[in-house]
Amino acid sequence: MKLAFSTLGVPGLPLADVLRLATTYGYHGVELRAHPEEPVHPGIGLAERADAVAEFKAAGVEVLSLAGYARVAAPGDDEPVVEEIHRLLDLARDLGAGFVRVFPGAASGQSAEEADATAARRLGTAAEYAGDLDVRILLETHDSHRTAADAIRILGPVGHRQVGALWDVMHTWLGGEQPSETYAALGPHLGYVQVKDIASAEDTTPVALGAGVLPLAECVEVLSRHGWDGWLCWEYEKRWYEQAAPLEDLLGAGRDHLARLLNDAA
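Because the structure is predicted, anything quoted here is derived from the model rather than measured. (Residues numbered from 1 in each chain as written. Predicted model: local features only at pLDDT ≥ 70, side-chain atom pairs only at ≥ 80, totals over all residues. Heavy atoms only, no water.)

1. A closer look at the side chain of Glu140
Part 1: Structurally, the position occupied by Glu140 is in strand 5 (residues 136-140).
Part 2: Residue class for Glu140 comes out buried when judged on its relative accessible area of 1%.
Part 3: Separated by 2.7 Å, the side chains of Glu140 and Arg101 make a polar contact.
Part 4: Sequence-distant contacts of Glu140, that is, excluding residues within four places in its chain, are made with Arg101, Val102, Phe103, Pro104, His145, Leu166, Asp168, Gln194 and Glu235. (Helix = DSSP H or I, 4+ residues; strand = E, 2+ residues; numbered from the N terminus. Buried < 20%, exposed > 50% of the residue type's maximum accessible area, 1.4 Å probe, protein only. Polar contact = N/O pair within 3.5 Å; in protein donor to acceptor, adjacent residues only side chain to side chain. Contact = heavy atoms within 4.5 Å.)

This is the structure in structure tokens:
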């Protein structure tokens, strides 16, 4: 498996510094938070996109994914949501990223049936465009659909190879799923896996990998046992927890921890 980290852990950091961290600490790729607060987002122009590609190429680091914020199950018209996904897909194509992340994002007043159908319809529409660009749209286990059992209610009806799953290990665990259950449901759809660690179920402040309560060893063991060889991406939520330790101070030990887990699971 290859290792990456998300720029959610280094909010607003210039690309040159992000890539310096990746090369210094031995990460193969970076998940780019595609938000206007960051250097790379759908609003940047062609020249800025070309510059970003050149920086990644010079560093020998891959753009794993664009972490977008489209909410595919949210109430309202389909067109703005599909357009938002299309803009993310265009940026992913220009940067050479293989994936675009979207959220479920159903509202509290929606029925599960309505939310599932809305998300499946929008993803099915966007899938054709994604196929033309050779980018996969990944539905993250998050918010209204935090478990694999929730996500598969959307992914099953879509049934398109360009639409898959992003396994956020925190949300499936908080939803009560065992790693083996999550993989059984998401395995055929899995794009990559977001790893992280938290203080407790009641306190989701990010901590160093291995210092919290999430079953990272079990997740890696399940993936290894099934011969899965994709990406593990450390999503350290520094942007939402200012009191958390700087990611820069943890990246080296985090990479070593993941390497140990992979070695133990081999």
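Still more ground to cover, so stick around.
2. Section: the packing of helix 3 (residues 78-95) against helix 4 (residues 112-133)
Part 1: It is at 10 Å that the axes of helix 3 and helix 4 come closest, and there the two elements cross at 30 degrees. The angle between helix 3 and helix 4 places the two elements in the roughly parallel class. For the pair helix 3 and helix 4, the crossing hand works out as right-handed. Here helix 3 contributes Asp78, Val81, Val82, Ile85, His86, Leu89, Asp90 and Arg93 to the contact with helix 4, which in turn contributes Thr118, Arg121, Arg122, Thr125, Ala126, Tyr129, Ala130 and Leu133. (Axes fitted to C-alpha atoms, helices over the stretch in contact; angles between N-to-C directions. Parallel < 35°, antiparallel > 145°, perpendicular 65-115°, else oblique. Left-handed = near helix turned anticlockwise from the far one by under 90°.)

3. Here's the deal with the environment of Ile198
Part 1: Structurally, Ile198 can be placed in the loop between strand 7 (190-195) and helix 8 (216-225).
Part 2: The exposure class assigned to Ile198 is buried, which follows from its relative accessible area of 1%.
Part 3: With residues near it in sequence (within four places) discarded, Ile198 still touches Met170, Trp173, Asp203, Thr204, Thr205, Val207, Gly212, Val213 and Leu214.

4. Let's talk about the pairing of strand 8 (residues 231-234)
Part 1: The side-chain alternation of strand 8 yields two buried faces, one formed by Trp231 and Cys233 and the other by Leu232 and Trp234.
Part 2: Across four bridges, strand 1 (residues 2-6) lies against strand 8 in parallel orientation. What sits directly across from Lys2, in strand 8, is Trp231.
Part 3: The parallel pair strand 7 and strand 8 is bridged by helix 8, and the resulting crossover is right-handed. (Pairing = 2+ DSSP bridges. Right-handed = clockwise from strand over helix to strand, strands pointing away.)

5. Some points on helix 4
Part 1: Spanning 22 residues, helix 4 covers 31 Å between terminal C-alpha atoms, matching the ideal 32 Å at 1.5 Å per step.
Part 2: Among all positions of helix 4, only Ala115, Asp116, Thr118, Ala119, Ala120, Arg122, Leu123, Ala126, Ala127, Ala130 and Leu133 are buried. (Expected span 1.5 Å × (residues − 1).)

6. Re empty space enclosed by the protein
Any empty space left between the atoms is revealed when a probe the size of a water molecule rolls over them.
Part 1: If you walk through the whole model with that rule in mind, you get two cavities of 30 Å³ or more.
Part 2: Put simply, the largest cavity is a space of about 50 Å³.
Part 3: Thr7, Leu13, Leu15, Val18, Leu32, Arg33, Glu38, Pro39 and Val40 together form the lining of the largest cavity.
Part 4: Elements with a minimum of two residues in the lining of the largest cavity: helix 1 (15-25) and strand 2 (29-33).
Part 5: Among the residues making up the lining of the largest cavity, the classes are represented as six nonpolar, one polar and two charged.
Part 6: Lining the second largest cavity, in full, are Trp167, Val169, Thr172, Trp173, Glu177, Gln178, Pro179, Thr182, Pro215 and Cys219. (1 Å grid on protein atoms, 1.4 Å probe; cavity = no way out; pocket = protein on both sides within 12 Å on 5 of 7 lines; lining within 4 Å. Points joined across faces, edges and corners; volume = space filled by probe spheres on them. Nonpolar A, V, L, I, M, F, W, Y, C, P; charged D, E, K, R; others polar.)

7. Some thoughts on the pairing of strand 4 (residues 99-103)
Part 1: Burial of strand 4 is extensive: five of the five residues sit out of reach of the surface.
Part 2: Residue alternation in strand 4 divides its side chains into two sets, Phe99, Arg101 and Phe103 and Val100 and Val102, and both sets are buried.
Part 3: Here strand 3 (residues 62-71) runs beside strand 4; their pairing, made up of four bridges, is parallel. Looking at the pairing, Ser65 lines up with Phe99 of strand 4.
Part 4: In this view, the connection linking strand 3 to its parallel neighbour strand 4 by way of helix 3 has right-handed handedness.

8. Re the sheet that holds strand 7
Part 1: Strand order in the closed barrel formed by eight strands is 1-2-3-4-5-6-7-8, and the pairing between neighbours is parallel. Put simply, the sheet's adjacent strands are angled 30 degrees from each other on average, direction ignored.
Part 2: Sitting on the sheet, helix 5 (residues 148-158) is in contact with strand 5 and strand 6 (163-168), with an inclination near 165 degrees to strand 6.

9. What about the pattern of salt bridges?
Part 1: The final tally for this structure, using the stated rule, is 18 salt bridges.
Part 2: The salt bridge partner of Lys2 is Glu62, with a shortest N-O separation of 3.1 Å. With Lys2 in strand 1 and Glu62 in strand 3, the pair connects residues that are 60 residues apart, well separated along the chain.
Part 3: One connected set of salt bridges, linked through shared partners, spans Arg33, Glu37, Glu38 and Arg239. (Salt bridge = Lys/Arg side-chain N within 4 Å of Asp/Glu carboxyl O.)

10. Things to note about the packing of helix 7 (residues 179-186) against helix 8
Part 1: Relative orientation of the contacting elements helix 7 and helix 8 amounts to 40 degrees, with a least axis distance of 9 Å. Looking at the two axes, helix 7 sits oblique to helix 8. Relative to helix 8, helix 7 is oriented so that their crossing is right-handed. Facing helix 7, whose interface residues are Pro179, Ser180 and Tyr183, helix 8 presents Glu218, Cys219, Val222 and Leu223.

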